[in-house]
Amino acid sequence: MSEEEKKETLGSKLFYKTKNVWETTEDHAEIMNFAKPYKTFLDKCKTEREAVAWAAKKLEDAGFKAPGNGDKIFMVNRGKAVIAARLGKKPIKEGFNIVVSHVDAPRLDLKQVPFYEDSGHAMLDTHYYGGIKKYQWANIPLAMHGRIIKADGSKIDLVWGEDENEGSLLIPDILIHLAQKQMEGSAAKALTGEQMNAIAGTIPIPGKEYEKESDKVKLNVLKILNDKYGITEADFVSAEIELVPSENCREIGIDNSCIIGYGHDDRICSYSALQALLDMKEQPERTAIAYLVDKEEIGSEGTTGAITKFLEYFIEKIAGSCDTTEIMQNSFCMSGDVNAGYDVNFKENFETKNASFLGKGVTITKFTGRGGKGGANDASAEFMGAIRKLLSDNNVVFQTAELGAVDIGGGGTVAMYFAARGIDTIDAGPAVLGMHAPKETISKADLFSTYQAYKIFLDKFAGEYVKIAKNTN
Ligand code: MN
Ligand code: MN
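From a predicted model like this one, the values you see are computed outputs, not experimental measurements.

A.B. asks: Help me understand the coordination of the manganese ion (ligand 1), please; the structure alone is not making it clear to me.
C.D. replies: Six octahedrally arranged donors around a metal ideally form angles of 90 or 180 degrees; four tetrahedrally arranged donors ideally form angles of 109.5 degrees. Within the first shell, the manganese ion (ligand 1) binds the protein through H102 (NE2), D265 (OD), D337 (OD) and D337 (OD), at distances of 2.1 to 2.5 Å. Sequence spacing among the residues donating to the manganese ion (ligand 1) works out to H-x162-D-x71-D. If you look at the manganese ion (ligand 1) and the manganese ion (ligand 2), they sit 3.3 Å from each other and are both ligated by D265. With D265 in helix α6 (residues 264-278) and D337 in the loop between β13 (332-335) and β14 (339-340), this pair connects stretches of sequence that are 72 residues apart. On the basis of relative accessibility, which here comes to 3%, the residue D265 falls in the buried class.

Here is the structure:
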């Protein structure tokens, strides 16, 4: 062996190198095929309610029932969160493995009194939900999705602007020719919250009988909605209507490697977690749970967010009189959420050794937060070690990353809320480009790798791996 070769060998032994998923196999069919139904899911589920209804249907079809009916169980929380479990061979007292992800996504909510008419336009007033660059939501077709509770208490599930024959809504942005002042200001103020009003119509209500009416354009729009749904303006007071991008997702790349679409954050993890649970063939050693929560984008608050005690409620259904606190202490969580994909046009926002790259597999994030790790769950070296071994033993390609360069910004996930319960928690999910934009982009390779990671974790994180994670003395 030459000196040159010796050096190479030593380097390959001592250096840390990440892998590209696409290079680990010549047959990409499995990766490409896995992405197909995910695209359908993303197109069909644009709100937390729609995602939860979809998940509940899949679980029912797979034989999951209410707690107390066998070892495949699930519960829905107020139509906006869902938890499902495969009970393990070991007693629940020894803990569970859970993947938690969120099904809410940044969007524009209609205000409770949204309708008005201005200069011949019927308008809808919104209040954005989650952290967004507001200007990105202008000049794109938006659809309305949501639920209305009518005066008599009956409910309507409304979807408008997805079908080609139904007009979408639009928040116009000012043309470049007249944008001198806007272009000189900050991007944060390019479009203000109160400028986020969507055009819903421009035709005054036709017919002699309406001659004496006021606000004829608004009236016409309300009549169209009344004819189809039997609703009035007052019904929006008791409604949750979300404006979301109305176009479906599609492939990106001449090589078809990526998908652009609305709501990858965090429905990609929700889809992967649920699919992992559904695909579990044999009863796992430890109880395996997939939990899809709401309200992550606004701080995980409320009765459907990660903060609520619905997990404890579910565990008590399984465990009976067992001590829930002790069960939590013995449990492990993968917080399934996306990381900031390395953006070659904004290199300075990343530190390349600790960034997540498209195509390099599921990203394991030890801590999130911002500036000095504030607001982070920080997974232990022991749990990191156990996960690293688990993924390596099962040939799951993974990378590790922080959310961007230090002091550039930051963000959190649901991880801290599960860590606070005494559950060892680690973040794991794919890299996303353009996070929180109306259309985000992911790699099909990372989607598949994320699914593999959740599946292995739910299925096989037991025995020696638990020992490594808990060996903290
Ligand atoms: Mn997220
Ligand atoms: Mn987010």
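A.B. asks: Looking at this structure, I do not really get the environment of Q275. What am I missing?
C.D. replies: Along the chain, Q275 turns up in helix α6. For the pair formed by Q275 and M384, sequence separation is 109 residues and the distance between their alpha carbons is 24 Å.

A.B. asks: It is not clear to me how the sheet that holds strand β10 (residues 250-252) should be interpreted in this structure. Could you clarify?
C.D. replies: The strands that make up a sheet pair up through hydrogen bonds in the backbone, lying either parallel or antiparallel. Taken in spatial order, the three strands of this open sheet run β10-β11-β21, and their pairing is antiparallel. For this open sheet the edge positions go to β10 and β21 (440-443), each flanked by a neighbour on one side alone. Going from strand to strand, the sheet's axes swing by 35 degrees on average, the running direction of each strand aside. Sheet topology note: the strand β11 (residues 258-261)/β21 ladder contains four bridges and is antiparallel. Across the sheet, residue C258 finds its bridge partner in β21, namely S443. In the packing of helix α11 (residues 444-460) onto the sheet, the strands contacted are β10, β11 and β21, and the crossing angle to β21 comes to about 70 degrees.

A.B. asks: Is there a simple way to explain the sheet that holds strand β4 (residues 107-118) in this structure?
C.D. replies: Reading across from one edge, β7-β6-β9-β4-β5-β8 is the order of the six strands in this open sheet, with antiparallel pairing throughout. Either end of the sheet is taken by a strand with one partner, and the two such strands are β7 (155-160) and β8 (197-201). Adjacent strand axes in the sheet meet at a mean angle of 30 degrees, parallel and antiparallel pairs treated alike. As defined by bridge partners, strand β6 (residues 142-149) adjoins strand β9 (residues 239-245) across seven bridges and the pair is classed as antiparallel. When the sheet's bridge partners are listed, I148 is paired in β9 with A239.

A.B. asks: Any chance you could explain the side chain of T308 here in plain terms?
C.D. replies: In this fold, T308 is placed in the loop between β12 (287-293) and α7 (310-319). Overall, the relative accessible area of 17% leaves T308 in the buried class.

A.B. asks: What is the right way to look at the layout of surface pockets in this model?
C.D. replies: A water-sized probe rolled over the atoms picks out the places where empty space is left. Roughly 1200 Å³ of volume is contained in the largest pocket. Lining the largest pocket we find 47 residues, and of these A340, L403, G410, M435 and H436 sit closest to its centre. Elements with a minimum of two residues in the lining of the largest pocket: β14, β15 (362-365), β16 (369-370), β18 (410-411), α10 (415-419) and β19 (424-429). The element that contributes the greatest number of residues to the lining of the largest pocket is β19, accounting for three residues.

A.B. asks: Is there a simple way to explain the pairing of β12 in this structure?
C.D. replies: By the criterion of burial, β12 is predominantly enclosed, with seven of the seven residues buried. Burial of β12 is two-sided: the residues T287, I289, Y291 and V293 facing one way and the residues A288, A290 and L292 facing the other way are all buried. Here strand β2 (residues 81-86) runs beside β12; their pairing, made up of five bridges, is antiparallel. Each bridged residue has a counterpart across the sheet, and for A84 the counterpart in β12 is A290. For strand β3 (residues 96-102) and β12, the ladder comprises seven bridges, and the chain directions are parallel. Bridging from a neighbouring strand, H102 pairs with V293 of β12.

Criteria and thresholds
- Residues numbered from 1 in each chain as written.
- Chains lettered and ligands numbered in written order.
- Predicted model: local features only at pLDDT ≥ 70, side-chain atom pairs only at ≥ 80, totals over all residues.
- Heavy atoms only, no water.
- Donors = N, O, S within 2.8 Å, 3.2 Å for Na, K, Ca; no water.
- Helix = DSSP H or I, 4+ residues; strand = E, 2+ residues; numbered from the N terminus.
- Buried < 20%, exposed > 50% of the residue type's maximum accessible area, 1.4 Å probe, protein only.
- Pairing = 2+ DSSP bridges.
- Axes fitted to C-alpha atoms, helices over the stretch in contact; angles between N-to-C directions.
- Contact = heavy atoms within 4.5 Å.
- 1 Å grid on protein atoms, 1.4 Å probe; cavity = no way out; pocket = protein on both sides within 12 Å on 5 of 7 lines; lining within 4 Å.
- Points joined across faces, edges and corners; volume = space filled by probe spheres on them.

Distances and angles like these do not, on their own, reveal function.
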